[in-house]
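Fold and geometry: a report
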Amino acid sequence: MERKPFYITTPIYYPSAKLHIGHAYCTTIADAIARFKRLAGYDVFFLTGSDEHGQKIQQVAEEAGVSPIEYVDRIVAGFQNLWQKLHISNDDFIRTTEERHQRVVQEIFRRIYEKGDIYKGTYKGLYCTPCESYWTEHQLDENGCCPDCHRPVQEVAEEAYFFKMSKYADRVLAYIEENPDFIQPVSRRNEMINFIKQGLEDLCISRTSFAWGIPVPMDTKHVIYVWFDALTNYITPIGFLDDKEKFEKYWPADIHLVGKEIVRFHSIIWPCILMALELPLPKKIYGHGWLIVDGDKMSKSKKNVVDPLALIEEFSADAIRYFLLREINLGQDGNFSRDALITRINSDLANDLGNLLHRTLNMIGKFQGGMLLPPQGESEVDASLKANAAEMVKAYEEEMESMQLSSAIKRVWAFISRANKYIDETAPWVLAKSPEKKQELANTMYNLAESLRIISVVISPYMPVTAERIWKQLGLPGEFSEMSLGDIRAWGGTPGDLKVGVPEQLFPRIEEEKEEASSSKQEVPSGKEKKDGEKKKQKKEEGHDEISIEDFSKIHLRVVKVLAAEPVPKTEKLLKLTVDLGDEKREIVSGIAQHYEPEEIIGKNVVMVINLKPAKIRGIVSHGMVLAASHEDDLQLLDVDMPVGSRVR
Ligand code: MSP
């Protein structure tokens, strides 16, 4: 069957400086949409690139003492490296300095000129070089500066070519009004309608005061205005001049994804150019919000520019992608902070997703020798898990289709929590003790592996590397890159006799050094002190000495969550637990291994003495103690359904 085409673009970036995390945000959104559409069976063309002409680039190259092309070659190589490291799956990368592009720009100029919609006149006006934008007096801000970047504008008076935008103003306005989906979100649409209603002047599209640009074909002392040049990038790589079939397949573009400040160029100037060329208009211009850093706009002078490469190096591309796409509602401004990133990595990636995979593979290894067994029959809780999976996939598809990337991934996470809860509800470690429950156990293991198979596909637009790692650890057959939404709409795609792999950690927890005393700075009692202490404790317990309420209040008891649990090597009784106290994480050693499987207690909220002096047990500093009730051979942790951090008195 012929696949439906889908064409998505990002803006092409100015190589006047290195890209920051805000640019990476824009490209990551487009990449997630492109990857989703591929999963949905579309024939996707995803374009990004670099916008290399203009006065600003000429200036920075001069300052750097190199020619403009040397300058942009170096910076653009950095862009391409960044996109590769961020796993951006663009199908082409257009550079406006390429010959294929220059030909298109000159041809378009010629066609519109011959039609009479470009004419020569004199330009007198105000120009903002950093924004490469012309402004009229009444558009300037209250200080007489550029209304976008608030820097001074320059007066220019020169012979120039003009594009008759005024001729198309009514048609563009009517188009915007008749097509509510053309500009999104709706707030941007309203801004554009108001902008056009104030009247559109003809646009000056050539300059003579500098040379770094594409020459006007019939008058080469002029170079073409950088936005006229840049916007046409969208039709160059899809064969506008040389491949009619390809062009008709992908044009009009499905989405031009752009930052909010450049919606105007895309939804007014670009449609006017396309109308003059008698080409159809793009289906959607989506203006996303800005990424700000710790509440402030990024700028060199504020020294708060976040380098995406350094972040990728430190935390991995997938973690950054997940954070950007989950944390910010598309269309609104969003905040980037290192603390918020680390919290997401620890709680969502290491904890929720990492534990689900780890517990599942561990149990399949331990209880079934690493093999899945074909499922048969289902319990109520099995049926509910399957129903939740189907609901999640459906809602996810709908939300991805409507570009609700943050809501869609939240759905997936609700399902991950559901699957973690399913482990507690089915208690496989109990099933494993009764041979007659073998099938029930097999069903549980199968359902968990199948849940993870579905999860790996739906997270792939967000975290392509992690998705494939999960797939491989599960030992699933086939090429991950060939998976589609069709493979997860129905339950049961995991083979019933699969040999699963060995669990590998997906995301290590990030432990930031705290200013306050860390456990290593605390006094760790020596072996002798510990023994003496234990003896005294035993004595007291036997004697049931009374203590005052003040004595009791010295014991700080708190509800903590068990984040990770693993046996202490070469011991039978000890488990090493990582617990979340609400404001910090700790490691403790607990003598409960004969009563609990590690998988059984991960995710439980238990009561802990948090001000116990640290003790070194088998080389591990244990900082605290979880409480348990014991009776004869039985032992149960005090687990409570209360939020982490609750004080126990
Ligand atoms: N070259 C023009 C686009 C031409 S498209 C035909 C341009 N380049 S840019 O490098 O300045 O910006 C490219 C994109 O990055 C814009 O969509 C802009 O909104 C986006 N971002 C720049 N800083 C950003 C943030 N802090 N946050 C989110 N997006 C940001 O404009």
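Calculation notes
The residue numbering used here restarts from 1 in each chain and proceeds along that chain's sequence as written. Reporting of local features is limited, given that this is a predicted model, to residues whose pLDDT is at least 70; pairs of side-chain atoms are given and counted only at 80 or more, and all residues count toward the totals for whole chains, interfaces and linings. As a rule here, side-chain values cover all heavy atoms of the structure and leave hydrogens and water aside. Helix and strand definitions follow DSSP, with helices as H or I runs of at least four residues and strands as E runs of at least two, each counted in order from the N terminus. For a helix, the expected span equals 1.5 Å multiplied by the residue count minus one. A pair is scored as a salt bridge if a Lys or Arg side-chain nitrogen falls within 4 Å of a carboxyl oxygen belonging to Asp or Glu. Think of it in three bands: residues with accessible area under 20% of the maximum for their type are buried, residues over 50% are exposed, and the middle band is partly exposed, with areas taken using a 1.4 Å probe on protein chains only. Fitting axes to the seven residues that end at a residue and to the seven that start at it, the angle between those axes gives the bend at that residue. Using a 1 Å grid laid over the protein atoms alone, points where a 1.4 Å probe fits but cannot get out form a cavity; open sets with protein on both sides within 12 Å along at least 5 of 7 lines form a pocket; any residue with an atom within 4 Å of a point counts as lining. Grid points are joined across faces, edges and corners, and a volume is the space filled by probe spheres set on the points. Residue classes follow a fixed rule: Ala, Val, Leu, Ile, Met, Phe, Trp, Tyr, Cys and Pro count as nonpolar, while Asp, Glu, Lys and Arg count as charged, and any other residue, Gly among them, counts as polar. Each nonpolar core is a collection of buried residues, namely Ala, Val, Leu, Ile, Met, Phe, Trp, Tyr and Cys, held together in the definition by side-chain atoms within 4.5 Å. Throughout, a contact is declared for two residues whenever any of their heavy atoms are within 4.5 Å. Two strands form a pair only when DSSP identifies at least two bridges running between them. For Phe, Tyr and Trp, rings pair up if their centres lie within 6.5 Å, where Trp contributes its six-membered ring, and each pair is then called stacked (planes under 30 degrees apart), edge-to-face (over 60) or tilted (otherwise). Any residue with at least one heavy atom within 4 Å of a molecule or strand is counted as near it. Polar contact criterion, stated in full: a pair of N or O atoms within 3.5 Å, where within protein one must be able to donate a hydrogen and the other to accept it, and residues adjacent in sequence count only if both atoms are side-chain atoms. Exposure was quantified through the Shrake-Rupley algorithm and a 1.4 Å probe, taking into account, for residues, occlusion by the shown protein chains and nothing else. Residue-level confidence of the predictor, termed pLDDT, takes values from 0 up to 100. Under this scheme, a helix contributes an axis fitted over its contacting stretch, all axes are lines through C-alpha atoms, and angles between N-to-C directions fall in the 0 to 180 degree range.

1. Observations concerning helix α14 (residues 405–426)
In this model α14 runs 32 Å from its N-terminal to its C-terminal C-alpha over 22 residues, within 8% of the 32 Å that 1.5 Å per residue would give. Positive phi appears at Ala427, one or two residues downstream of α14, with a value of about 40 degrees.

2. Some points on unusual backbone geometry
In the segment running from Gln184 into Pro185, the intervening peptide bond is cis, with an omega of -5 degrees. By the secondary structure assignment, Pro185 is in the loop between β7 (183–184) and α6 (186–197). Cis peptide bonds are those with omega within 30 degrees of zero, and the linkage from Trp251 to Pro252 qualifies with 5 degrees. The topology assignment puts Pro252 in the loop between α8 (244–250) and β12 (255–259). The phi dihedral of His87 is positive, around 60 degrees, even though this residue is not glycine. Mapped onto the elements, His87 comes out in the loop between α3 (68–85) and β3 (92–95). The phi angle at Ala427 is positive, at roughly 40 degrees, despite the residue not being glycine. The residue Ala427 is located in the loop between α14 and α15 (428–431) in this model.

3. Considering the pattern of salt bridges
Using the criterion set out here, one finds 48 salt bridges in the structure. One salt bridge connects Lys472 with Glu468, and the closest N-O pair in it is separated by 3.2 Å. Pair noted here: Lys472 and Glu468 are both in helix α17 (residues 464–474), with a separation of four residues, about one helical turn. Exposure remark for Lys472: the relative accessible area of 58% places this residue in the exposed category.

4. A few points about helix α9 (residues 263–276)
In this model, α9 (14 residues) spans 19 Å end to end at C-alpha, consistent with the 20 Å of a helix rising 1.5 Å per residue. The principal kink in α9, of about 30 degrees, is found at Trp270, preceding the proline Pro271 by one to four residues. With 14 of 14 residues buried, α9 is to be regarded as a mostly interior element. Count one or two residues on from α9 and you reach Glu278, which has phi positive near 60 degrees.

5. A short note on empty space enclosed by the protein
Tallied over the full model, the rule gives two cavities of 30 Å³ or more. Of the voids in this model, the largest cavity is the one considered here, and its volume is about 50 Å³. Looking at side-chain class alone, the lining of the largest cavity contains seven nonpolar, three polar and two charged residues. Its volume calculated, the second largest cavity comes out at about 40 Å³. Broken down by secondary-structure element, the contributors of at least two residues to the lining of the second largest cavity are α1 (21–39) and α14. Taken together, the residues of the lining of the second largest cavity break down into seven nonpolar, one polar and no charged.

6. Considering the environment of Ser384
Looking at where Ser384 falls in the secondary structure, it is placed in helix α13 (residues 380–401). Given the relative accessible area of 27%, Ser384 is considered partly exposed. Sequence spacing of Ser384 and Val589 is 205 residues, and the spatial spacing of their C-alpha atoms is 36 Å.

7. Some points on the nonpolar core
Formed by 112 residues in total, the largest nonpolar core has its most connected members in Trp83, Tyr396, Val412, Trp413 and Ile459. Looking at this core, the element that brings in the most residues is helix α12 (residues 338–368), giving 12 residues. Leaving out residues up to four positions away in the same chain, Trp83 has contacts with Tyr13, Leu19, His23, Ala24, Thr27, Thr48, Ile88 and Phe93.

8. Side note on the sheet that holds strand β8 (residues 203–204)
Note: strands within a sheet are paired through backbone hydrogen bonds, in either parallel or antiparallel orientation. Taking strand neighbours across the sheet as the criterion, the four strands line up as β5-β4-β6-β8 in an open arrangement whose pairing is antiparallel. Strand pairing shows two members of the sheet lacking a second neighbour, β5 (133–135) and β8, which therefore form its edges. In this sheet, β8 lies alongside strand β6 (residues 154–163) in antiparallel orientation, the contact comprising two bridges. Bridge pairing in β8 places Phe163 opposite Leu203.

9. Looking at the side chain of Ser16
If you trace the backbone, Ser16 turns up in the loop between β1 (5–13) and α1. If sequence neighbours within four positions are ignored, Ser16 has contacts with Lys56, Ile57, Val60 and Tyr71.

10. Some points on the packing of aromatic side chains
The geometry of two aromatic rings is summed up by the distance between their centres and the angle between their planes. Per the counting criterion, the structure on display carries 27 aromatic pairs. Arranged with centres 5.7 Å apart and planes meeting at 50 degrees, the rings of Tyr13 and Trp83 form a pair that is tilted. Of this pair, Tyr13 sits in strand β1 while Trp83 sits in helix α3; the two residues are 70 residues apart in sequence, bridging distant segments of the chain. When sorted by exposure, Tyr13 lands in the same class as Trp83, which is buried. Here Phe45 and Tyr250 contribute two aromatic rings whose centre-to-centre distance is 5.2 Å and whose plane-to-plane angle is 40 degrees, an arrangement assigned as tilted.

11. Side note on the site of the ligand
Every one of the 24 residues lining the ligand counts as a neighbour, but Ile12, Asp51, Gly259, Glu261 and Leu291 are closest to it. At 3.3 Å, a backbone N or O of Gly22 approaches a nitrogen atom of the ligand. A distance of 2.7 Å separates a nitrogen atom of the ligand from a polar side-chain atom of Asp51. Compared with its free state, where it exposes 660 Å², the ligand has 92% of that area covered by protein. Taken together, the elements giving at least two residues each to the shell around the ligand come down to β1, α1, α7 (226–231) and β12.

12. Let's talk about the confidence of the model for the chain
A residue-level look at the chain finds 95% of positions with pLDDT of 70 or above and a mean pLDDT of 92. A low-confidence stretch, residues 514–543 stays under pLDDT 50, and its non-local contacts, those more than four residues away or across chains, total 20 contacts.

13. Here's the deal with the sheet that holds strand β13 (residues 285–288)
Taken in spatial order, the six strands line up as β3-β2-β1-β12-β13-β7 in an open sheet, and their pairing is parallel. Two strands close off the open sheet at either side, each with one partner strand: β3 and β7. Relative to β13, β7 is paired through two bridges, and the arrangement is parallel. By the bridge assignment for β13, Ile183 is matched with Ile285. Running at roughly 135 degrees to β12, α9 makes contact with β7, β12 and β13 of the sheet.

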